[in-house]
Amino acid sequence: MYQPQPSDKFTFGLWTVGATGRDPFGEPTRPPLSAPYIVEKLAQLGAYGVNLHDNDLVPIDAGAGERDRIVREFQQTLGDHGLVVPMATTNLFTDPAFKDGAFTSADARVRAYALQKTMRSMDLGHELGAQTYVFWGGREGTEVDASGKLLDSIGWFRDSLNFLAEYSQSQGYGYRFALEPKPNEPRGDIFFPTAGSMLGFIATLDQSELFGVNPEFAHDTMAGLNFTHAVAQIIDAGKLFHVDLNDQKMGRFDQDLRFGAENIKSAFFLVKLLEDSGYDGPRHFDAHALRTEDEVGVWAFARGCMRTYLILKDKARQFDEDPEIQAALQAYRVEDKELSELTRGFTPEKARTLKERAFDRVALGQRGPGLEQLDQLTVELLLGVRGNSVSSEAHA
Ligand code: GCO
Ligand code: MN
Ligand code: MN
């Protein structure tokens, strides 16, 4: 029951299950796991793929020979276990060179190095079969607005992305790029903090059709925003190129909790939205096991992310099939063919008719839409006390 299959397209970053529990206050609590071992374990659990930063696989100081050997061994392991690498990205945040930004550094040498490192990382991703390339600007931000680089930074970032899109095409890589917004951490303020700001920025890029968004549950939640609403807007814009799933308490440090660990109801509506929308990209878990855990806890964490997604997907199906919920939904919406016609597609004639139309404003204000009941039915469904739970057997 709720056994993940590769067709569910669940992916994990090497850096997620590979996280050793280091935090700003403490040393690692678990030994590192090798990339081939992670691949083997994820395959056993039913995952579809792994994603990586260049340096999750290849140490930053590796020479060409060592790099090629590591990549060959990794490709072999992927093939042996039937896992794919759908997404790749660059680590532009760990090395001290990037402490004040990569593409938005005030130092032209750092910006050029960031471009070089990213091209090499795009080569690596392509060798491993990646088709989506993520940009998370972890260090692209500032604590000091006296630096006066706000407008320049936007321009530098745009120039870099335009350059890299051309690079991808000149190499025949065919990447689609997914930009990942985050409001803060590790910088005090990260540029392009929300999905909306990223969408606005994407429209200014030379080849904007190649660029979409990689939204993350924790990032919007840290900022007190509704992640599902953000994803809906991204879907509406045709820009959901990838998604980072995890969980988070609002107003806390960046927690990267197991998917569904904290906000079950939000996770439910997110899964329902993704499934209803026909999104068919990877369901990527960008989270890690609690620092308290040993390796057993790491795999319990990974299994839990996937299992919760599948349970919520099944709940979404029950929601759609629940007669009482569907009746409440139907009662909530008031359809009026004539008015819909009148309010869509402007003509002077329609405008005149609408302006003359009499509305019973008081009656409109008196209608109870039944949202309390609808919400309670949803809560009861999630708590497992609504009839239709036979579906768990059907699922098995
Ligand atoms: C974070 C980010 C990262 C990125 C990753 C891939 O908060 O640290 O979510 O995990 O997703 O670097 O680009
Ligand atoms: Mn994150
Ligand atoms: Mn992320």
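The written sequence of each chain sets the order in which its residues are numbered from 1. To label them, take the chains in the order written and letter them from A, then take the ligands in the order written and number them from 1. This being a predicted model, a pLDDT of at least 70 is required before a residue's local features are given, and a value of 80 or more before pairs of side-chain atoms are given or counted; all residues contribute to the totals for chains, interfaces and linings. Excluding hydrogens and water, the side-chain figures rest on all heavy atoms present in the structure.

- You'll find the protein chain entered in an unreviewed UniProt entry as Xylose isomerase, with Deinococcus peraridilitoris given as the organism.
- UniProt positions are given in the numbering used here, feature names are shortened, and annotations may be inferred rather than shown by experiment. What the UniProt record of the protein chain gives under Subcellular location (unreviewed entry) is the line "Cytoplasm".
- A UniProt comment under Subunit (unreviewed entry) is attached to the protein chain, and it reads "Homotetramer."

Notes on the overall build of the protein chain
Link 1 in the chain: For the purposes of this entry, the term helix denotes a DSSP run of H or I that reaches at least four residues, the term strand denotes a run of E that reaches at least two, and both are numbered from the N terminus. Of the regular secondary structure elements, the protein chain holds 17 helices and ten strands.
Link 2 in the chain: In this description the radius of gyration comes from C-alpha coordinates, and the expected globular size is given by 2.2 Å times residues to the power 0.38. Here the protein chain has a C-alpha radius of gyration of 24 Å; the compact-globule value for 396 residues is 21 Å, and the two agree.
Link 3 in the chain: With the principal axes as the frame, the protein chain shows a C-alpha extent of 75 × 55 × 40 Å.
Link 4 in the chain: Three labels apply to residues, based on accessible area from a 1.4 Å probe with only protein chains included: buried if under 20% of the type maximum, exposed if over 50%, partly exposed otherwise in between. Buried positions account for 47% of the 396 residues belonging to the protein chain.
Link 5 in the chain: Should any heavy atoms of two residues lie within 4.5 Å, those residues are counted as being in contact. Look at the contacts in the protein chain between residues 6 or more apart in sequence, and 77% of them connect residues 24 or more apart.
Link 6 in the chain: Charge centroids of the protein chain, computed over 41 positive and 58 negative side chains, lie 2 Å from each other. A positive count includes Lys and Arg, and a negative count includes Asp and Glu. His and the chain ends are not counted in either. Note that the charge is assigned to NZ on lysines, CZ on arginines, CG on aspartates and CD on glutamates.

Re the coordination of the manganese ion (ligand 3)
Link 1 in the chain: Any nitrogen, oxygen or sulfur atom within 2.8 Å of a metal ion counts as a donor, with the limit raised to 3.2 Å for Na, K and Ca, and since water is left out, coordination shells can look unfinished. The coordination sphere of the manganese ion (ligand 3) contains the protein donors Glu180 (OE), Glu216 (OE), Asp244 (OD) and Asp286 (OD), at a distance range of 2.0 to 2.2 Å.
Link 2 in the chain: Working rule for geometry: tetrahedral if four donors all subtend angles between 85 and 135 degrees; square planar for four, octahedral for six, if opposite donors exceed 155 degrees and the others stay between 65 and 115; irregular in every other situation. What the six donor atoms of the manganese ion (ligand 3) show is an angle range of 82 to 177° at the metal, which sorts the shape as octahedral.
Link 3 in the chain: Considered as a linear motif, the donors of the manganese ion (ligand 3) on their single chain read E-x35-E-x27-D-x41-D.
Link 4 in the chain: Between the manganese ion (ligand 3) and the manganese ion (ligand 2) the interatomic distance amounts to 3.7 Å, and Glu216 serves as a bridging ligand to the pair. Here the residue Asp244 occupies a position in strand β9 (residues 244–245), and Asp286 occupies one in the loop between β10 (283–285) and α11 (295–321), the gap between them amounting to 42 residues. Residue Asp244 shares its accessibility class with Asp286, and that shared class is buried.

What about the coordination of the manganese ion (ligand 2)?
Between any two of four tetrahedral donors, the ideal angle at the metal is 109.5 degrees; between two of six octahedral donors, it is 90 or 180 degrees.
Link 1 in the chain: Taken together, the protein ligands of the manganese ion (ligand 2) are Glu216 (OE) and His219 (NE2), with distances of 2.1 to 2.2 Å.
Link 2 in the chain: Glu216 sits in the buried class, given a relative accessible area of 1%.
Link 3 in the chain: For His219, a relative accessible area of 3% gives the class buried.

Examining the UniProt feature "binding site: Mg(2+) 1" (unreviewed entry) in the protein chain
Link 1 in the chain: Here, UniProt's "binding site: Mg(2+) 1" (unreviewed entry) annotation points to Glu180, Glu216, Asp244 and Asp286. In summary, the annotated positions, though distributed over 107 residues, converge in three dimensions, the widest C-alpha pair being only 11.8 Å.
Link 2 in the chain: Looking at where Glu216 falls in the secondary structure, it is placed in the loop between β8 (211–213) and α8 (217–222).
Link 3 in the chain: Ignoring any residue separated from it by four or fewer positions in sequence, one finds Glu216 in contact with Glu180, Phe227, Asp244, Asn246, Asp256 and Asp286.
Link 4 in the chain: Of the residues examined, Asp286 reaches a relative accessible area of 10% and is grouped as buried.
Link 5 in the chain: Beyond its immediate sequence surroundings of up to four residues, Asp286 is in contact with Trp15, Thr16, Glu180, Glu216, Asp244, Leu245, Asn246 and Asp256.
Link 6 in the chain: A polar contact is formed between the side chain of Asp286 and the side chain of Trp15, at a distance of 2.8 Å. For the purposes of these results, a polar contact is taken to be a pair of N or O atoms within 3.5 Å, where, inside protein, one atom must be able to donate a hydrogen and its partner to accept one; residues adjacent in sequence count only when each atom of the pair is a side-chain atom.

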